[in-house]
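Fold and geometry: a report
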Amino acid sequence: MPKKSIGGLLENVCEVGYLMKSMPNIDKTDYKEIELQPTSLDIWKTKYRLTSKDGTVIDSCVDDTYQRIARSLADVEKESLREKSFENFLWALRNGAIPAGRIVSNAGAEEYKPATSTINCTVSGIVQDSMDNILEKVHEAGLTLKAGCGIGYEFSTLRPQGAYVSGAGAYTSGPLSFMDIYDKMCFTVSSAGGRRGAQMATFDVGHPDAKDFIRAKREDGRLRQFNLSLLITEEFMEAVRQNKDWKLAFPVTQKEVNDEALNLKDDDKVIWREWPDPKDYVCNSEGLVACKVFETMKASDVWDLIMSSTYDYAEPGFVLIDKVNQMNNNWFVENIRATNPCGEQPLPPYGSCLLGSVNLTKFVNKPFTDKADFDWEAFCKVVKIFTRMLDNVVEINGLPLGQQQKEILRKRRHGMGFLGLGSTLTMLRMKYGSKDSVVFTEEIAKRMALSGWEAALDLSIEKGPAPIMEEDFEVTQSMLTKRSEMLDDGYKIGDKVKGKVLHSRYSRYMQLIAQENQDLVDKLAEYGARFTHHSSIAPTGTISLSLANNVSNGIEPSFSQCYSRNVIREGKSTKEKVPVFSYELLLYRNLVNPNALASNSSGDIEEQNKLPDYFVTATDITPTEHVDIQAAAQRWIDSSISKTANVPTDFPYEDFKDIYMYAYEQGLKGCTTFRFNPEGGFQGVLVNEKDLKNTTFTFTLEDGSTVEFKGDEELEYEGDVHTAGNLYDALKEGYYGKF
């Protein structure tokens, strides 16, 4: 195929056959596939293409990568089904099914990198309040990161700074000092497949050190290998709403009660709360733990501290942990306190989950026309085949710890989502955030859910359910309190109930599925589902950019139509800024107007070359519109959603605070925002050229003098050329020369 220039930045992917085979069944006269832009191809080459130790190329083109994945997953099937499965799996991959990065990189690569995993998401075992256990979890985390998995931890299980440790006869330095150890370990351990380790730290909003956790990233270079999220409870949110006091407290042992002569009935000094690991602490008959109050503040003051940090530094994020546990399909056996690094997978101790996303742009017929529509039949077909593929990944999980293996084999969790929503809405001529787009988003999530659970039943009948479904669980008072309808159904304390019944009939999420298809849920209660969880929406940044030619990430709108992305290059001292274009812009140029220009392009744009008004980007969308889209999808997603509401730099602070309260009111499980902050000088991965041009970075030289550069200016330092923004970040954050 001869080279074509679309926007001046495209090159070949592979042979003609691949480009044709990659298309779904749509009208070829109105729709043409476009070649991968150079950055997309480059990311595939560096992150996903399989090569041998000596550099010999194994995957010569993207379709070779797809064939490697399809063969690996088909070989899990019994021999008589392998060839048919290979054909089906390859068809799905060519038609929009995109497994997560660890699967793309490592499936079928055992001969070349046998110690790697196909799992993106894990959560640590409970980090207990002892030096032995803290360091044991560091060791386990190092092995997990080495295998290529991301990992999350809860650190509010550790006693606060200044608390007395009787065994050591000293006062503890607190949770954040131990988090520093994990941070340094993660920076040191290079994850498999050429990517740095990813970590999430969650922390209870009622812990005495919550204020330090909230402010942690104000310190240059600290905890940069972590994403940070607060565990936000309904109790706290209601205290904010009602302007009540908020107690910062930590559990006490019976010895501490005796030594300090604590009066457990004194509400000013002791508060009773749920705790993830209560066995060493004082508990009441309801299973609540006695927590000593260290400080009492106005809840609104804590709220303002959270909001100001999030406004300036984009962290901490919110995990609305009560909603997470209320809606958990495994409500009867799990107490979730942590998530994977991007937050879309709340998981129990040693929990893990594999991911995959469906590229929605593959199903748009006649894009950018008044006849544009979505091929629902093809979409549901891909979802069902992809469900079988992801279920097969469990058998080749490659997780390094026995506890992780046990957990994934027992529950067979996976998280299917979608990517390219923003691009798809544009192709359908809908504005992201409009009422029509909200309805469409919910329909996508609902059809994916129903197709997935239909596949869960078919797979269970064929291969057997997840083992947890056939386990017997004893009915407890806690179960009856959480699910009063079990009393109406005649259950009493001490009865035995199968996991498949508790999962299918009493999960709040599965009750929602039953409203759409009662017969399906009745059969799942009879046979048990093949897996406990089916869906989550991941950020998909790298696979969207590489394998999907920079369609919009996950559930997001496109960040911009043309912008830059900061990427880590081996041997480079700072991140490299590379130009990228949105998929929908390139497609529009290919199908409608080759001279079309984005609104953030330099210079004046002739009227005939302006993009239609349905081409919107992240900062064109109001925060409430971001939340509305997320809420529409969350209703049908059984895990969670990684989404960031991007707001302009000049977005008013008082309005900003309302985003998080609105997210709580809409029933979300989590919320994250990003505002480019020129005063903090902290860039994200995606870079708006306007923001960089408008930001001045000041460098102090050895003689004490200073020089200033605009963020997009290039300058030479130690023999390399860097943008001022990336060099400033690298020097300030302490990672210069350490990639």
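Just above, that's the structure.
Residues numbered from 1 in each chain as written. Predicted model: local features only at pLDDT ≥ 70, side-chain atom pairs only at ≥ 80, totals over all residues. Heavy atoms only, no water.

Focus on the overall build of the protein
Selection criterion: Runs of H or I in DSSP of at least four residues are treated as helices and runs of E of at least two as strands, each being numbered from the N terminus. Put simply, the radius of gyration uses C-alpha atoms, and a globule should come to 2.2 Å times the residue count raised to 0.38. Partly exposed residues are those whose accessible area sits between 20% and 50% of the maximum for their type, while under 20% is buried and over 50% is exposed, using a 1.4 Å probe and protein chains only. The charge count includes Lys and Arg as positive and Asp and Glu as negative, but it does not include His or the ends of the chains. Working definition for charges: the position is that of NZ of Lys, CZ of Arg, CG of Asp or CD of Glu.
Along the backbone of the protein there are 27 helices and 28 strands. For the protein, the C-alpha radius of gyration of 26 Å lies close to 27 Å, the compact-globule estimate for 739 residues. Here the C-alpha coordinates of the protein stretch approximately 80 × 75 × 55 Å along the principal axes. Burial status across the protein gives 59% buried among its 739 residues. Across the protein, the centroid of the 85 positively charged side chains sits 3 Å from that of the 108 negatively charged ones.

Regarding unusual backbone geometry
With omega at 5 degrees, the peptide bond leading from Glu315 into Pro316 counts as cis. Among the secondary structure elements, Pro316 is positioned in the loop between α11 (299-313) and β11 (317-320). Even without glycine at this site, Ala314 takes up a positive phi of about 65 degrees. Relative to the helices and strands, Ala314 is located in the loop between α11 and β11. Here Ala314 falls in the buried class, since its relative accessible area comes to 13%.

Observations concerning the layout of surface pockets
The cut-off we apply is this: Residues are said to line a cavity or pocket when one of their atoms sits within 4 Å of a point; the points come from a 1 Å grid over protein atoms alone, cavities being sets where a 1.4 Å probe fits but cannot get out and pockets being open sets with protein on both sides within 12 Å along at least five of seven lines. Grid points are joined across faces, edges and corners, and a volume is the space filled by probe spheres set on the points. Amino acids outside the nonpolar list (Ala, Val, Leu, Ile, Met, Phe, Trp, Tyr, Cys, Pro) and the charged list (Asp, Glu, Lys, Arg) are all regarded as polar, and Gly is one of them.
Estimated volume of the second largest pocket: approximately 1200 Å³. Taken together, 38 residues form the lining of the second largest pocket, with Glu274, Leu288, Asn335, Ser478 and Lys482 sitting closest to its centre. Looking at the lining of the second largest pocket, the elements that each hand over two or more residues are β8 (245-251), β9 (270-273), α12 (321-326), β18 (472-474) and α17 (477-482). With five residues, α17 is the single largest residue contributor to the lining of the second largest pocket. When grouped by side-chain class, the residues that make up the lining of the second largest pocket number 14 nonpolar, twelve polar and twelve charged.

Considerations on the pattern of salt bridges
For the record, the criterion: Criterion for a salt bridge: a side-chain nitrogen of Lys or Arg within 4 Å of a carboxyl oxygen of Asp or Glu.
Per the stated rule, a full pass over the model turns up 46 salt bridges. Here Asp391 and Arg530 are joined by a salt bridge, their closest N and O atoms 2.9 Å apart. Of this pair, Asp391 sits in helix α13 (residues 376-393) while Arg530 sits in the loop between α21 (518-527) and α22 (541-545); the two residues are 139 residues apart in sequence, bridging distant segments of the chain. Salt bridges linked by common partners bring Glu77, Arg388, Glu462 and Lys463 together as one network.

Focus on the pairing of strand β10 (residues 289-298)
Cut-off, in case you're wondering: Pairing between strands is defined by DSSP: at least two bridges between them are needed.
Here seven bridges tie β8 to β10, and the two strands are oriented antiparallel to one another. Across the sheet, Trp246 pairs through a bridge with Met297, a residue of β10. Two strands pair when backbone bridges link them, and β9 and β10 are joined in this way by four bridges, in the antiparallel orientation. Bridge pairing in β10 places Ile271 opposite Cys291.

Regarding the packing of aromatic side chains
Given two aromatic rings, one states the distance between the centres and the angle between the planes to describe the pair. Under the convention used in this document: Ring pairs are drawn from Phe, Tyr and Trp, using the six-membered ring of Trp, whenever the two centres fall within 6.5 Å, and their geometry is named by plane angle: stacked under 30 degrees, edge-to-face over 60, tilted for the rest. Ring-over charges, as used throughout, are those where CZ of Arg or NZ of Lys falls within 6 Å of the ring centre and within 35 degrees of the ring normal.
Going through the model one piece at a time under the given rule, you end up with 34 aromatic pairs. Relative to Phe226, the ring of Tyr153 has its centre 6.0 Å away and its plane inclined at 65 degrees; by these criteria the two rings are edge-to-face. Placement of Tyr153 in strand β3 (residues 150-154) and of Phe226 in strand β7 (residues 226-232) is noted, with a sequence separation of 73 residues between them. Judged by relative accessible area, which is 1%, Phe226 ranks as buried. Measuring from centroid to centroid gives 5.0 Å for Phe332 and Phe473, while their planes differ by 75 degrees, and the two rings are edge-to-face. One end of the pair, Phe332, is in the loop between α12 and β12 (338-339); the other, Phe473, is in strand β18, with 141 residues separating them in the sequence. A relative accessible area of 11% means that Phe332 is categorised as buried. Three or more aromatic residues link up through ring pairs in this structure, and these residues are Trp303, Tyr311, Phe318, Tyr653, Phe656 and Tyr660. If you follow Arg71 out to its NZ or CZ, it ends over the ring of Phe86, 4.1 Å from the centre.

Comments concerning the sheet that holds β10
Put simply, the rule is: The axes are straight lines fitted to the C-alpha atoms, using for helices just the contacting stretch, and the angles between their N-to-C directions are given from 0 to 180°. Note on contacts: a residue pair qualifies if any of its non-hydrogen atoms lie within 4.5 Å across the two residues.
Read from one edge to the other, the open sheet built from three strands follows the order β8-β10-β9, with strand pairing classed as antiparallel. Unpaired on one side and paired on the other, β8 and β9 mark the two borders of the sheet. On average, each strand axis in the sheet is tilted by 50 degrees relative to the strand beside it, whichever way the strands run. Here α11 sits on the sheet in contact with β8 and β10, set at roughly 75 degrees to β10.

Brief notes about the environment of Trp246
Going by this rule: Polar contacts, as counted here, are pairs of nitrogen or oxygen atoms within 3.5 Å of one another; within protein the pair requires one atom able to donate a hydrogen and one able to accept it, and residues that are adjacent in sequence qualify only if both atoms are side-chain atoms.
Structurally, Trp246 can be placed in strand β8. A sequence separation of 54 residues divides Trp246 from Ser300, and the C-alpha atoms of the two residues are 8.6 Å apart. In terms of polar contacts, Trp246 uses its side chain to reach the backbone carbonyl oxygen of Val205, at 3.1 Å.

Regarding the side chain of Arg483
With respect to the helices and strands, the residue Arg483 is situated in the loop between α17 and α18 (485-488). One buried charged residue, Arg483, forms no salt bridge at all, with the nearest opposite charge on Glu485 at 4.6 Å. Polar contacts involving the side chain of Arg483 include one to the main-chain carbonyl oxygen of Gln326, which spans 3.2 Å. From its side chain, Arg483 meets the backbone oxygen of Tyr506 in a polar contact 2.6 Å long.

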